[in-house]
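Read off the chains here:
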Amino acid sequence: MTPFTNDELKWLGAGAILFAVAALLPLVDQGFYLSLSVNIMLYAALCTAWALFSGPTHYVSLATAAFYGLGTYTVGLGIDAMPYPLLLAIAALIGAALAGLVGAATLRISGVYFVIFTFGLAELVRQLVTWTQTKFATAIGLYVFTDLFEQHIYWMLVALTAAVFLTAFLINRSRLGFAMQIIGNDETVARHVGIDTARSKIVLFMISGAFIAVAGAIMAPRYSYIEPPSAFNPMISFLVVIMALLGGTKRLWGPLVGVIPFTILMDQVSARFPNHTMIVIGLAFLAIVYLIPNGVTGLLEQARARWKARAARMGQEKAA
Amino acid sequence: MTAALSVRAATKSFGGLVAVNEVSFDVRQGELLGLIGPNGSGKTTMLNLISGALKPTRGEIALSGERISDLPAHRIAQKGVARTFQLVRVLPSLDAEGNVMAGAVFGHMRSWGAEAHKLARALLGRVGLAGKGHMPVDAMTYIDQKRVELARALAGNPRVLLLDEWLAGLNPTELKLGIALIDDLRREGRTIIMVEHVMDAIRSLCDRCVVMNSGRKIADGDVETVLGDPEVVAAYLGDADA
Ligand SMILES: Nc1ncnc2c1ncn2[C@@H]1O[C@H](COP(=O)(O)OP(=O)(O)O)[C@@H](O)[C@H]1O
Ligand SMILES: [Mg+2]
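Caption draft 1: Focus on the overall build of chain A. Counting secondary structure elements, chain A contains 15 helices and two strands. Compactness check: chain A gives a C-alpha radius of gyration of 21 Å against a globular reference of 20 Å for 320 residues, within 12% of the reference. Expressed as a percentage of its 320 residues, the buried residues of chain A come to 46%. Sequence separation of 24 or more characterises 79% of the internal contacts of chain A that already satisfy a separation of 6 or more. Here chain A has roughly 15,800 Å² of accessible surface; of this, 69% comes from carbon and sulfur atoms.

What follows is the structure, encoded as structure tokens:
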């Protein structure tokens, strides 16, 4: 590994401080703000993990709910037999394995088919779980009883989000990250400089899928009663895409810029207009795709580039 | 001695069109081979078959005796085949140095980190772009983009270098510089296949020429003999662009 530059050390330090501060929240509030922050932290982890793959490849995955639900079910099925930390590890492996299979089967097809395939996959997994449960078990759902409270879930999510950020940061400065940057620019060139493009994409999808599955596993105790419609809720997949695109996927912290306001908005909407959440999601989706395809961070960067160009022009005029 | 690269009865069809038809030739170690022919005669397709961008329909291509024609493009690049593209392909979100590094990190001879940066800077200097390493490539002129692409192809220290009309579109001054640069590569003993239309460049640079017409090889030999071949003259006369 190449040594960290001063700049990188600064980013690492700032990140560590921010996560440490975020971890203090349950000491201040255990009610509304904690519960809202659990959602924010959850989507921060999900969206950053999603953007890890979808950002550089431009493949829009709607399989988030599949990975998430499998993580949740891993805990639901295993909680009476195995220690919880082990279940988190198993969830990660299951997520990575599913992503590996899907990746091997689909990453050679074009982007449009990938979207449809991943959406279909999430539904298929949900139906399979439902079918298996009605066939072999007496109840549709599973009870998850643990002694984990809201603050414990929150802390685990903070740790997970920190791990996602750290992983993404390390990947970005690695050969794999460089390969993804080249693939995002021009896949033909990528192949001709010696990059195994399919393998790089699959590896990244697996890492992303593993993190999403762990997020589901962490959230399992919060549901108490797990059933397919909530664990494999396709809404999760759509919300992740919307928030990540709203923030922008070009920067590591881009999705976060979308997650915080949108989670708060959704919280307000579902509290006040519970029957209109779908409308809000639909409108938000259209607005983002049409108005800010590169997200808020993309807008900021364009503005900065314009400002720089203007400053350069002014400098030239002054010199002339 | 086995040839650096040998092409045996390579064929590529696109539906009914046979773009490369039973073409065979060898490139010796350290040789600069000109691949010439009228527009649409199958030269780019031939390079695509060698670099693995396309799979041959039939036939075989071997690098130092080792069959590469059934490998994917990235494996062929790792084995030591590098190329430039007829329509220049730079990586717009990376600066010039990053573009060249792309060729240094994953290819035939690999480096990473400070070493790769150093190599990229040295190669940029070599192609005449010293000090422009941090320039965004989409702000560069066409010739400078071509230079970046050449430096990227050289960065993995390839065993065979494929140049697809690298000199096309340059003005007379740039052309002189470009020819000198390729001559320099030839002198250091690189094995090169150069697709080219510029006759001056072909005469001054090539050790040998292969001529294609309508997908077939119609001549193969030293430059003056080949260019005087009546069939070659006829092929070029039949093509208004040549
Ligand atoms: N990918 C492709 N699909 C279909 N036809 C192609 C393709 N690539 C090249 N061709 C055709 O093959 C023939 C040879 O093209 P090309 O190799 O580009 O010629 P050259 O480089 O000698 O000008 C042309 O008729 C061209 O239209
Ligand atoms: Mg051509």
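Caption draft 2: Expanded view of the domain arrangement of chain B. Residues and elements named next belong to chain B. Domain boundaries assigned for chain B yield domain 1 (1-79 + 160-166 + 193-242) and domain 2 (81-158). The gap between the C-alpha centroids of domain 1 and domain 2 is 25 Å. The partner domain 2 presents 16 residues to the 19 residues of domain 1 that form the contact. Between domain 1 and domain 2 lies a buried interface of about 1,500 Å² when both sides are counted; carbon and sulfur atoms form 52% of it. Between the two partners, domain 1 and domain 2, sit zero salt bridges. Our count for the contact surface shared by domain 1 and domain 2 stands at 10 residue pairs in polar contact (both at pLDDT 80 or more). Broken down by secondary-structure element, the contributors of at least two residues to the side of domain 1 that touches domain 2 are α1 (43-51), α2 (73-79) and β7 (160-164). When grouped by side-chain class, the residues that make up the side of domain 1 that touches domain 2 number 12 nonpolar, four polar and three charged.

Caption draft 3: Broad picture of the state of the cysteines. All names here are of chain B. Applying the stated criterion to the full structure yields zero disulfides over all chains. Free of any disulfide, C209 has its nearest neighbouring cysteine sulfur in C206, separated by 4.5 Å. The class of C209 is buried, set by a relative accessible area of 0%.

Caption draft 4: Expanded view of the coordination of the magnesium ion (ligand 2). Protein coordination of the magnesium ion (ligand 2) is provided by B:T44 (OG1) and B:Q86 (OE1), with donor distances spanning 2.0 to 2.2 Å. Of this pair, B:T44 sits in helix α1 while B:Q86 sits in the loop between β6 (81-83) and α3 (96-105), placing them 42 residues apart in sequence.

Cut-off values and rules
Residues numbered from 1 in each chain as written. Chains lettered and ligands numbered in written order. Predicted model: local features only at pLDDT ≥ 70, side-chain atom pairs only at ≥ 80, totals over all residues. Heavy atoms only, no water. Helix = DSSP H or I, 4+ residues; strand = E, 2+ residues; numbered from the N terminus. Rg over C-alpha atoms; globule rule 2.2 N^0.38 Å. Buried < 20%, exposed > 50% of the residue type's maximum accessible area, 1.4 Å probe, protein only. Contact = heavy atoms within 4.5 Å. Areas by Shrake-Rupley, 256 points an atom, 1.4 Å probe, with all protein chains shown as cover. Domains from an automatic or database assignment. Buried area = accessible area lost by both parts, 1.4 Å probe. Salt bridge = Lys/Arg side-chain N within 4 Å of Asp/Glu carboxyl O. Polar contact = N/O pair within 3.5 Å; in protein donor to acceptor, adjacent residues only side chain to side chain. Nonpolar A, V, L, I, M, F, W, Y, C, P; charged D, E, K, R; others polar. Disulfide = S-S within 2.5 Å. Donors = N, O, S within 2.8 Å, 3.2 Å for Na, K, Ca; no water.

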